[in-house]
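Listed here are the chains, written in short residue letters.
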Amino acid sequence: MQTNNEKHFWDESRTLLDFSVPMDYERMMSCLDLFIKRYPFLSVTSAGTSLYGKTIPMIRLGDESAKSTVLYVGAHHGMEWLTTSLLLRFINEYCEYYKNGKRVFSINIGNLFRSHLLCIIPMLNPDGVDIEIHGADASPIPDRLKMMNGGEADFTHWQANGRGVDLNHNYNAGFEAYKILEKGAGILGGGPTRYSGEYPESEPEVGMLVNYLRFDASVEMILTLHTQGEEIYYTTGGKCPPKSKNIARLLSQLSGYALSEPEGMASYGGLIDWAIETLGIPSFTVECGKGENPLPASSFFPVYTAVREMLFTAPILL
Ligand SMILES: [Zn+2]
C-alpha cells in the first residue's frame, strides 16, 4: 500500500533524519517527499519503473550545466537496503550544508553543487528490497516466488529482483562465460541470488540504467554501493580505466576500506564490469560495512561514518 503521509515514518522536527530503520520502498518515497518539500534546489526524477511497476527515483543534486556528472547507485540487491539509507542520509546532509552555505571535509558544498551534478539512485531494486523486508506477500506472484525460494517462506536472504534475477549479474559483461559458471553452481533459473536472467539486460531495472548511461548522460564516474565486506572493487578482468587506480586508492584512504580484485562468479555481469568494459569510465563497487547480510538497521551509523567522507569527496577526485 502506498501512502503520502510521511508522518508515519519520519520525525519532521529533526534536521537530519534517523535512518537506522529497515528501509523499504514506501519509507524511502516518504523520505523523498519530505526532502522535496524542504529542499527546493533538489530535483527528483524517475529513472524508470521496476518489474512490479514501482517508480525508481533518481535524485539530481547540482547544476544541470555542471562540468561533470557522477552517478551513485544503491540497493542492487534485496538484502542490501542499508545502502539506500546511506545515500538518503548523504543527500540529507548535503542539502543541509548547501542550504546553510557550509563546508564539510573542507569542501565548499556551494562550489561542489556548481561544478558537479550528482545523480543518485538510492534503490535500484525496490521489488527485491520489499520482498526481503516484507516477504512473498510484497509480490503479486507470491506462490511462484516461494517456489524460487526453495519452498521457504523466509525471504531474509533474497537478493534478486521481482522475478528472481540477480540484477548485478544481468549486465552485458561476460554474460556467456557467467552462464557456464552459473550452470556449474546448479543455478538453472530464478532464485534468491546469482541467477543472471535469460539474456543480458532482460530486467527493466538494468535496462533503464544502461539506457540512461548510453544515451542520456555524460556520466564520468560511477559508485555503486553494496553490503558487505569493507572492500572497494575497481577493475574487471584485469581492466582498469585511466585514473581509476588513483581514485580507488584515494577512496580506500577516505573510507579505510581495502582495494580488492573480483574473483570467480563475482567478476561477471555487474554494473561496474559493464561500465568499465563498455563506457571505459572509472567505476567502483563499494562493499559497505562488515558482518553477515542483511546488515541490521542498527549498523547504520557506524557504516555511514565510515563512508561519509568518501561520498562527499569522490566527485572531486575525477
Ligand atoms: Zn550486493
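Scoring rules and cut-offs
Residues numbered from 1 in each chain as written. Predicted model: local features only at pLDDT ≥ 70, side-chain atom pairs only at ≥ 80, totals over all residues. Heavy atoms only, no water. Core = buried A, V, L, I, M, F, W, Y, C linked by side-chain atoms within 4.5 Å. Buried < 20%, exposed > 50% of the residue type's maximum accessible area, 1.4 Å probe, protein only. Contact = heavy atoms within 4.5 Å. Helix = DSSP H or I, 4+ residues; strand = E, 2+ residues; numbered from the N terminus. Expected span 1.5 Å × (residues − 1). Donors = N, O, S within 2.8 Å, 3.2 Å for Na, K, Ca; no water. Tetrahedral: all angles 85-135°; square planar, octahedral: opposite > 155°, others 65-115°. Salt bridge = Lys/Arg side-chain N within 4 Å of Asp/Glu carboxyl O.

Undergrad: Please explain the nonpolar core as it appears in this structure.
TA: Generally speaking, soluble globular proteins have nonpolar side chains that are buried together. By size, the foremost hydrophobic cluster in this structure holds 60 residues, and its most contacted members are F35 and Y72. Residues in contact with Y72, not counting those within four places in the same chain, are L87, F90, L118, C119, I120, I121, L223, M310, L311, A314 and P315. By size, the runner-up hydrophobic cluster in this structure holds 25 residues, among which are A47, C119, L213 and I222.

Undergrad: Would you explain helix α2 (residues 82-99) in this entry?
TA: Each α-helix winds once per 3.6 residues, and so residues spaced three or four apart point in a common direction. Spanning 18 residues, α2 covers 26 Å between terminal C-alpha atoms, matching the ideal 26 Å at 1.5 Å per step. Taken across its 18 residues, α2 has 16 buried, putting it largely inside the fold. Among the residues trailing α2, G101 stands out with phi positive, at a value near 60 degrees.

Undergrad: Help me understand the coordination of the zinc ion, please; the structure alone is not making it clear to me.
TA: Note on metal geometry: ideal angles are 109.5 degrees for four donors arranged tetrahedrally and 90 or 180 degrees for six donors arranged octahedrally. Here the zinc ion is held by H77 (ND1), E80 (OE), E80 (OE) and H226 (ND1), and the distances to it run 2.0 to 2.5 Å. Note that the zinc ion binds 4 donor atoms; their angles at the metal cover 55 to 146 degrees, and the shape is irregular. Coordination of the zinc ion draws on donor residues from a single chain, spaced H-x2-E-x145-H in sequence. Of this pair, H77 sits in the loop between β3 (68-73) and α2 while H226 sits in strand β7 (residues 219-227), and the two are 149 residues apart along the sequence. By the burial criterion, H77 is buried, and H226 matches it.

Undergrad: I tried to follow the pattern of salt bridges on my own but got confused; where do I start?
TA: Pairing between side chains becomes possible if they bear opposite charge and their charged atoms approach one another. Tallied over the full model, the rule gives 11 salt bridges. Here E96 ties to K99 by a salt bridge, and the two come within 3.8 Å at their closest N and O atoms. Note that E96 and K99 are positioned in helix α2 at a spacing of 3 residues, about one turn of the helix. For E203, the salt bridge goes to R163, with nearest N and O atoms at 2.7 Å.

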